[in-house]
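Spelled out, the chains give:
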Amino acid sequence: MKDLATTEYSIVAVQKINTLNSCYFILETDALKATPCPGQFYLLKSKEKEQGLHIPISIYHSTDETLKFMVKIVGEGTEELANLKIGEGLRILGPLGNSFPMAENKNVLLISGGIGYAPLFYLKEKLERLNNSTIWLHGGRSKDDVFPADKIYTEDGSVGVKGLVTDSILEIIEKETIDTVYCCGPKGMMKHISKLLEPSNVELYVSLEEYMACGLGSCMGCAVAINTKLGRVYKTVCNDGPIFDAKGVIWDE
Amino acid sequence: MNKLNTSLGKLKVRNPITVASGTFGLEYGRIMPLHHLGALVTKTITPQPKEGNQPPRIYETECGLLNSIGLQNPGLDSFIKDHIDNYFQLLTAPDGYQVPLIVSFSGASIEEFAEMLTKLEKVEKIAGYEINISCPNVEKEGISFGVDPEAVYNLIKELNSKRSPDRELIVKLSPNVTDITEIAAAAEQGGADSLALINTVYGMAIDWQTGKTMLKRGFGGYSGNAIKPIALYNVYKVAQSTKLPLLAMGGISNWKDALEFFYAGAHMIAVGTANFTNHFATIEILRDLEKYFDEKDICLTDIIGKTVDLVRQGQN
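Bear in mind that the values here come from a model prediction, so they are computed numbers and not experimental data.

**Describing the overall build of chain B**
Phase 1 of the analysis: Counting secondary structure elements, chain B contains 11 helices and 14 strands.
Phase 2 of the analysis: The C-alpha atoms of chain B give a radius of gyration of 18 Å, which matches the 20 Å a tight globule of 316 residues would have.
Phase 3 of the analysis: Seen through its C-alpha atoms, chain B measures out along the principal axes to roughly 50 × 50 × 40 Å.
Phase 4 of the analysis: The 316 residues of chain B split such that 56% are buried.

**Describing the interface of chain A and chain B**
Phase 1 of the analysis: With 23 residues of chain A at the interface, the matching set in chain B holds 27 residues.
Phase 2 of the analysis: Put simply, the parts of the chain that give the side of chain A that touches chain B at least two residues each are β14 (223–228) and β15 (231–236) of chain A.
Phase 3 of the analysis: A breakdown of the residues in the side of chain A that touches chain B according to their chemical character gives 15 nonpolar, 6 polar and 2 charged.

**Thoughts on the sheet that holds strand β11 (residues 201–203) of chain B**
Neighbouring strands of a sheet are bound in pairs by backbone hydrogen bonds; such pairs are parallel or else antiparallel.
All names here are of chain B.
Phase 1 of the analysis: If you trace the 4 strands from one edge of the open sheet to the other, you get β5-β6-β12-β11, paired in antiparallel fashion. Only two strands of the sheet have a single partner each, and these edge strands are β5 (58–61) and β11. Each adjacent strand pair in this sheet contributes to an overall mean axis angle of 35 degrees, direction not counted.
Phase 2 of the analysis: With 3 bridges connecting them, strand β6 (residues 64–67) and strand β12 (residues 220–223) associate as antiparallel partners. The partner of Leu66 across the bridge, within β12, is Tyr222.

**Structural notes on helix α2 (residues 110–121) of chain B**
All names here are of chain B.
Phase 1 of the analysis: With 12 residues, α2 should reach 16 Å at 1.5 Å per residue; the first-to-last C-alpha distance of 16 Å fits that figure.
Phase 2 of the analysis: Of the positions making up α2, those classed as buried are Phe113, Met116 and Leu117. Projected down its long axis, α2 shows its buried positions confined to an angular sector of 100 degrees, all on one face. Residues of α2 that are exposed and point over 90 degrees away from its buried face: Glu111 and Thr118.
Phase 3 of the analysis: Those residues of α2 that are buried lie in contact with α1 (76–90), β7 (101–105), β8 (126–132) and α4 (149–162).

**Looking at the pairing of β15(A)**
Residues and elements named next belong to chain A.
Phase 1 of the analysis: With 6 bridges joining them, β14 and β15 adopt antiparallel strand pairing. Residue Ile226 lies in a different strand from β15, and its bridge partner there is Val233.
Phase 2 of the analysis: Connecting β14 to the next strand, β15, in antiparallel fashion are 2 residues.

**Examining unusual backbone geometry**
Residue and element names in this part refer to chain A.
Phase 1 of the analysis: Cis rather than trans, the peptide bond between Gly94 and Pro95 has omega equal to -5 degrees.
Phase 2 of the analysis: Inspection of the secondary structure puts Pro95 in strand β7 (residues 89–96).
Phase 3 of the analysis: Despite not being glycine, Asn105 has its phi angle at roughly 50 degrees, a positive value.
Phase 4 of the analysis: With respect to the helices and strands, the residue Asn105 is situated in the loop between β7 and β8 (107–113).

**Some remarks on the packing of helix α5 (residues 180–190) of chain B against helix α6 (residues 228–241) of chain B**
The relative placement of two packed helices is expressed as an angle between their axes plus a distance between the axes.
Residues and elements named next belong to chain B.
Phase 1 of the analysis: It is the contact of α5 with α6, at a shortest axis distance of 9 Å, that shows an interaxial angle of 45 degrees. Here α6 runs oblique to α5, going by the angle between their axes. Note on packing geometry: the crossing formed by α5 with α6 is right-handed. Here Ile180, Thr181, Ala184 and Ala185 of α5 lie close against α6, whose contacting residues are Asn234, Lys237, Val238 and Ser241.
Phase 2 of the analysis: For the contact of α5 with α6, a count of residues per class yields 4 nonpolar, 3 polar and 1 charged.

**Let's talk about the sheet that holds strand β14 (residues 266–271) of chain B**
Residues and elements named next belong to chain B.
Phase 1 of the analysis: With parallel pairing, 8 strands are arranged side by side in an open sheet as β3-β14-β13-β10-β9-β8-β7-β4. The sheet terminates laterally at β3 (17–19) and β4 (40–41), the two strands that pair on one side only.
Phase 2 of the analysis: Pairing of β4 with β7, which is carried by 2 bridges, proceeds in the parallel orientation. Paired with Val41 across the bridge in β7 is Ile102.

Procedures and definitions
- Numbers given for residues are sequential positions, taken from 1 along each chain in its written order.
- Just so you know, chain letters begin at A and ligand numbers begin at 1, following the order they were written in.
- Since the coordinates come from a predicted model, pLDDT governs what is reported: local features require at least 70, and pairs of side-chain atoms require 80 or more to be given and counted, while whole-chain, interface and lining totals use all residues.
- Helix numbering and strand numbering both begin at the N terminus, where a helix is a DSSP run of H or I of at least 4 residues and a strand a DSSP run of E of at least 2.
- For a compact globule the rule gives 2.2 Å times the number of residues to the power 0.38, and the radius of gyration it is set against comes from C-alpha atoms.
- Here a residue counts as buried when 20 or more other C-beta atoms sit within 10 Å of its C-beta, as exposed when there are 12 or fewer, and as partly exposed otherwise, the C-beta atoms being derived from the backbone.
- Whether two residues are in contact depends on their C-beta atoms, placed from the backbone: they are in contact if these lie within 7 Å.
- Residues are grouped as follows: Ala, Val, Leu, Ile, Met, Phe, Trp, Tyr, Cys and Pro are nonpolar; Asp, Glu, Lys and Arg are charged; all remaining types, including Gly, are polar.
- Being paired, for any two strands, means DSSP has found at least two bridges between them.
- The angle between two axes is taken between their N-to-C directions and runs from 0 to 180 degrees, where each axis is a line fitted to C-alpha atoms and a helix contributes only its stretch in contact.
- In this scheme, a helix's expected span is set at 1.5 Å multiplied by one less than its residue total.
- As used here, the arc is the angular range of directions from the helix axis to the C-beta atoms.
- We call two directions roughly parallel when the angle between them is under 35 degrees, roughly antiparallel when it is over 145, roughly perpendicular when it lies between 65 and 115, and oblique otherwise.
- Note: crossing handedness is left-handed where the near helix turns anticlockwise from the far helix by less than a right angle, and right-handed where it turns clockwise.

If you want it as structure tokens, here you go:
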């Protein structure tokens, strides 16, 4: 078991909710003691909510005073987070899970889709401190799913290039001599990128998602199939992940 | 005087709170001390490593949680070699007291169960066994035993003959049977010391837009708030049909829930799904029960099974 003595459970106050559009918002809360690493996440839920599971949300930005989470409203749980008021209590457990392996002095490509933007925002900031050169491709269905990046793709063409974020990655990787790719987005997108990069030597790290209960690696609910030296096993997204080397991920389960 | 003193058969505990198998592992030690528990029940162990079911394995639905984990575990040998000492270590209180460890296990045949028990008998410090004959999420182990009184009797008789008498032999029952008291009676006749109930209730969820099931296996076990009345009824019913002490669980998420189960006849209670909805549920329930019994100036043992008496006397 890795040392996660810094994982804390606390009730913190909501500092700010910044609505980006009808689907996305940024939730700002008081910080905990530990500084999260890029790719890690927290379990969140309103202090008032006794029943119901927590929502796992990855870290978007962290300072000594605040934690920021970028959230997409996809169901009841995220809707409840969106309706929190400033000063209200939020149950928070974290930071949880592993983190992106950090490249140093490399050419790095970041690829995100939709809410997959959030963990890469925090990652990019840390990568740049380690003297990496970064290019960020971000895609979404329409302009509502788009946030600042080096190159933007939308399926409906409402902003940026009309098409998928995966359309020209092989060309970019070759042209920019990319060493490492970090990716977070819908499973289909990550699977596609993983297949595209399979023949190459480019490192690819993906952030996976599953329905989650305990968040600590106890209940084995958030299992994903991974190829290891010992063969195919189920790993937990919450504790073994959420970040996995794409080479090991069995996408077709 | 500790007003929460209780016991489950020969198992003496400092307080009546434990955890439902598979919902609370040593990982919780990262955020809280584990020696506050009355006892700890491990995740169910099988003879060989078990990879578990294909995901998605959990789905949150109205008032509860569906799961189909499928007993993923490292297998008995690895459990004994790599894990059990960590349990003993984290279950040692600062005053040196060892919180009882109850090992939950399951096999596909009487022989498998018996072999597992024989191996576990060689490990010191284990306080008891929870015989899982009620998991709804596996083909061979689990519930295929737990629905047949004769199979339960034969299994428990065999295990009873092989275990040391100072270890509590607990049989975990399923609610997914026509008459739970028949299964309870079979376990009692076979030589069980106590009964744990209930395991999860069969359930499923379907995506109304596509018709696909939310769990890959199609169905699973339903737990959480919604099953509390079902669990309470089963505990109440079994409490009247058997002399064995009961470890009760099913939707307990706070101290008031716990009291209801004590009134129904439970000697101990286990927190399950509430460990996910409130990671500190066990600690909070303990704190709140201590306060309640102090304020009322009564002991836990004063209320156990009281509802059964009240109903009998027509005073409910």
